[in-house]
Amino acid sequence: MLCLLRSQKIQYAKRDSDVIAKIKGTFTERPKKKRPEEEDEPQGKKKKKLQQKGAVATLASQKALVNAPLKPMQTAVPAHPPAAKAPTVVPEQPPHHILFLTNLPEETNEMMLAMLFNQFPGYKEVRLVPGRHDIAFVEFENEVQSAVAKDTLQSFKLTPTHPMKIFFAKK
């Protein structure tokens with residue numbers, strides 16, 4: 001089977017899961033498997049090891065608290081009032097041939113973005129998300145061409161109040 005230009009092999013389960021077996025009415029309780037470490041050690045040694053690990057962890061956390069730098073006290077009232085709209089935080093993605101645009105003004109349309117991005121080689125198309133005026137996707141032929149456009153147009157202001165934020169789309 002080809003999916004995302006990679007061949008994938010499908011292997012079916014050898015037996016039904018417990019949930020499916022219960023639905024079919026063929027469920028039988030299976031004995032639980034013991035872990036190899038539980039069989040090797042007697043019960044007393046295992047308890048001692050756990051107690052030693054707990055003591056070491058407690059000692060380490062106490063040292064960390066004692067040696068931690070003092071932070072100024074924070075007030076219960078925030079210094080700045082909360083924003084009316086929380087900004088979209090997108091973690092940095094690995095390079096991709098599709099760019100994800102955020103912080104677009106309401107009057108943005110496909111033609112505006114197409115005219116902005118078609119100056120870069122490899123430009124394919126712009127896709128706006130229905131129901132969301134502030135995000136869009138721009139597709140290029142490869143990752144290198146999209147990276148050039150991203151670096152060049154990062155924080156480009158479509159309007160004086162809306163600097164465009166550009167990220168690589170998720171794969």
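Notes on the structure in this doc start here. Not measured: the values here are computed from a predicted model.

## Brief notes about the packing of aromatic side chains
So, point 1. Summed over all chains, the structure comprises three aromatic pairs.
So, point 2. Relative to Phe-140, the ring of Phe-117 lies with its centre 6.3 Å away and its plane at 70°, an arrangement referred to as edge-to-face. Of this pair, Phe-117 sits in helix α4 (residues 110–117) while Phe-140 sits in strand β5 (residues 136–140); the two residues are 23 residues apart in sequence, bridging distant segments of the chain. Here Phe-117 matches Phe-140 in class, with each residue buried.
So, point 3. Positioned above the aromatic ring of Phe-27 is the side chain of Lys-22, whose terminal nitrogen or guanidinium carbon lies 5.0 Å from the ring centre.

## Section: the sheet that holds strand β8 (residues 165–168)
So, point 1. A sheet is described by the order of its strands in space; here four strands give the open sequence β4-β5-β3-β8, paired in antiparallel fashion. Strands at the two margins of the open sheet, each flanked by one partner only, are β4 (123–128) and β8. With strand direction ignored, the average angle separating the axes of adjacent strands in the sheet is 25°.
So, point 2. Of the pairings in the sheet, the one linking strand β3 (residues 98–102) to β8 comprises four bridges and is antiparallel in character. Bridge assignment links Leu-101 to a residue of β8, and that residue is Ile-166.
So, point 3. α4 contacts β3, β4, β5 and β8 of the sheet and is inclined by roughly 155° relative to β4.

## As for the pattern of salt bridges
So, point 1. Per the stated rule, a full pass over the model turns up five salt bridges.
So, point 2. Put simply, Lys-24 and Asp-16 hold a salt bridge, and the shortest N to O gap is 2.9 Å.
So, point 3. A residue is classified by how much of its surface remains accessible, and Lys-24, at 54% relative accessible area, is exposed.
So, point 4. Between Lys-124 and Glu-139 there is a salt bridge, with its nearest N and O atoms 4.0 Å apart. Taken together, the residues span a long stretch of sequence, with Lys-124 in strand β4 and Glu-139 in strand β5 at a distance of 15 residues.

## A few points about the environment of Ala-149
So, point 1. Position of Ala-149 relative to the elements: it lies in helix α5 (residues 143–153).
So, point 2. Considering only alpha carbons, one finds Ala-149 and Gly-122, 27 residues apart in sequence, at a separation of 9.8 Å.
So, point 3. Every residue in contact with Ala-149, bar those within four places of it in the chain, is listed here: Leu-99, Phe-117, Phe-120, Phe-140 and Ile-166.

## Observations regarding α5
So, point 1. For α5, the full list of buried residues reads Gln-145, Ser-146, Ala-147, Ala-149, Lys-150 and Leu-153.
So, point 2. Ser-155 sits one or two positions beyond α5 and adopts a positive phi of about 70°.

## Regarding a nonpolar patch on the surface
So, point 1. Together, Val-19, Ile-20 and Ile-23 make up a nonpolar patch on the protein surface, roughly 310 Å² of accessible area in all.
So, point 2. Of the residues examined, Val-19 reaches a relative accessible area of 57% and is grouped as exposed.

## A closer look at α4
So, point 1. Those residues of α4 that sit buried are Leu-113, Leu-116 and Phe-117. The buried residues of α4 occupy one face: seen down the axis, they fall within an arc of 85°. Residues of α4 that are exposed and point more than 90 degrees away from the buried face comprise Met-111 and Met-115.
So, point 2. Among the structural elements, β3, β4, β5, α5, β6 (157–159) and β8 are those in contact with the buried residues of α4.
So, point 3. By the N-cap criterion, in which a side-chain oxygen at the helix start approaches the backbone nitrogen of a residue two or three places on, α4 is capped by Asn-109, the distance to Met-111 being 3.2 Å.

## Some words on the side chain of Thr-159
So, point 1. Looking at where Thr-159 falls in the secondary structure, it is placed in strand β6.
So, point 2. Reaching out from Thr-159, the side chain makes a polar contact with the side chain of His-162 at a distance of 3.0 Å.
So, point 3. With residues up to four places along the chain from it excluded, the contact list for Thr-159 reads Pro-105 and Glu-107.

Scoring rules and cut-offs
Residues numbered from 1 in each chain as written. Predicted model: local features only at pLDDT ≥ 70, side-chain atom pairs only at ≥ 80, totals over all residues. Heavy atoms only, no water. Phe/Tyr/Trp six-rings, centres within 6.5 Å; stacked < 30°, edge-to-face > 60°. Helix = DSSP H or I, 4+ residues; strand = E, 2+ residues; numbered from the N terminus. Buried < 20%, exposed > 50% of the residue type's maximum accessible area, 1.4 Å probe, protein only. Lys NZ or Arg CZ within 6 Å of the ring centre and 35° of its normal. Pairing = 2+ DSSP bridges. Axes fitted to C-alpha atoms, helices over the stretch in contact; angles between N-to-C directions. Contact = heavy atoms within 4.5 Å. Salt bridge = Lys/Arg side-chain N within 4 Å of Asp/Glu carboxyl O. Patch = residues over 30% accessible without salt bridge, like charges linked within 9 Å, V, L, I, M, F, W, Y side chains within 5 Å. Areas by Shrake-Rupley, 256 points an atom, 1.4 Å probe, with all protein chains shown as cover. Arc of directions from axis to C-beta. Polar contact = N/O pair within 3.5 Å; in protein donor to acceptor, adjacent residues only side chain to side chain.

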